[in-house]
Amino acid sequence: LTGELVPLGLFPHSASLVKAFQSSAEKKIAEAFKRDLKGLKQRCGALEGRETEGKIKADYISCFDLFPHVPLYLSFWVADEEFDADCKLLFDRNAEEHINIEYLAYLVERFTGELVAG
């Protein structure tokens, strides 16, 4: 692992996936947990996420091991009076060496469905 976290859109040939990925994953998580950080933490824990710090500045960060060498970092900012909630899903820079990016996007959409369904 490189330790460098990047969004899906920085992988080669991923431009066509980015808009759909944002609306079907990141925006869905932000909408589901707007002001419910406790609920998000519970769902992440139920899906074996590990709360982590230091990689990104966010209200909450959880790391999931999707596959060996393919960690998913969920970064979440709670809504407040000025800003809507936001979520960014990040991957290690070398994820594409271990999984096809289209498949990774599909996998994360399924993951998102499980996360918000709880």
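Reading the values: the criteria
- Residue indices begin from 1 for each chain and proceed along its sequence in written order.
- Per-residue local features of the predicted model are confined to residues with pLDDT of at least 70, and side-chain atom pairs are confined, for both listing and counting, to 80 or more; whole-chain, interface and lining totals are unaffected and use all residues.
- The side-chain numbers reported here are obtained from all heavy atoms of the structure, hydrogens and water having been left aside.
- Strands are runs of DSSP state E lasting at least 2 residues, helices are runs of H or I lasting at least 4, and numbering of each runs from the N terminus.
- Relative accessibility decides the category of a residue: with a 1.4 Å probe and only protein chains considered, values under 20% of the type maximum give buried, values over 50% give exposed, and everything between is partly exposed.
- Any pair of residues with heavy atoms lying within 4.5 Å of one another is described as a contacting pair.
- Following DSSP output, two strands are said to pair if at least two bridges run between them.
- Take a side-chain nitrogen of Lys or Arg and a carboxyl oxygen of Asp or Glu: if they are within 4 Å of each other, that pair is a salt bridge.
- For our purposes a nonpolar core is just a set of buried Ala, Val, Leu, Ile, Met, Phe, Trp, Tyr and Cys residues, chained together by side-chain atoms within 4.5 Å.

Chemist: Got a minute to help me understand the environment of I61 in this structure?
Modeler: Following the sequence through the fold, I61 ends up in strand 3 (residues 60-67). Judged by relative accessible area, I61 falls into the buried class, the value being 3%. Every residue in contact with I61, bar those within four places of it in the chain, is listed here: R50, E51, T52, I56, Y73, L74 and S75.

Chemist: I tried to follow the pairing of strand 5 (residues 86-92) on my own but got confused; where do I start?
Modeler: Every regular strand shows the same layout, with side chains that alternate between the two sheet faces. When you tally the buried positions in strand 5, you get 5 out of 7 residues, the bulk of the element. Sheet topology places strand 1 (residues 5-7) next to strand 5; 3 bridges connect them, and they run antiparallel. Paired with L5 across the strands is D92, a residue of strand 5.

Chemist: Would you explain the sheet that holds strand 3 in this entry?
Modeler: Backbone-to-backbone hydrogen bonds join strands into a sheet, with any given pair of strands oriented parallel or antiparallel. Taken together, 5 strands build an open sheet; the order of strands is 1-5-4-3-2 and the sheet is antiparallel. The two strands at the open ends of the sheet, each matched to only one other strand, are strand 1 and strand 2 (50-51). In this sheet, strand 5 lies alongside strand 4 (residues 70-77) in antiparallel orientation, the contact comprising 6 bridges. Considered in strand 5, the bridge of L74 is made with L89.

Chemist: Looking at this structure, how should I read the pattern of salt bridges?
Modeler: Side chains that differ in charge, positive against negative, can pair when their charged atoms come close. By the definition in use, this model includes 3 salt bridges. Here R93 makes a salt bridge to E4, at a shortest N to O gap of 3.1 Å. With R93 in the loop between strand 5 and helix 3 (101-117) and E4 in the segment before strand 1, this residue pair connects regions lying 89 residues apart in the sequence. For E31, the salt bridge is made with K34, and the minimal N-O distance between the two is 3.0 Å. What makes K34 partly exposed here is its relative accessible area of 38%.

Chemist: Honestly, the nonpolar core in this entry has me stumped. Any pointers?
Modeler: Nonpolar side chains in soluble globular proteins generally cluster together in the buried interior. By size, the foremost hydrophobic cluster in this structure holds 32 residues, and its most contacted members are L74, F76, L89, F91 and L104. Listed by contribution, the elements that provide at least two residues to this core are helix 1 (15-32), helix 2 (37-46), strand 3, strand 4, strand 5 and helix 3. Sequence-distant contacts of F91, defined by excluding residues within four places in its chain, comprise E4, L5, V6, P7, L8, F11, F21, P71, L72, L104 and V108.

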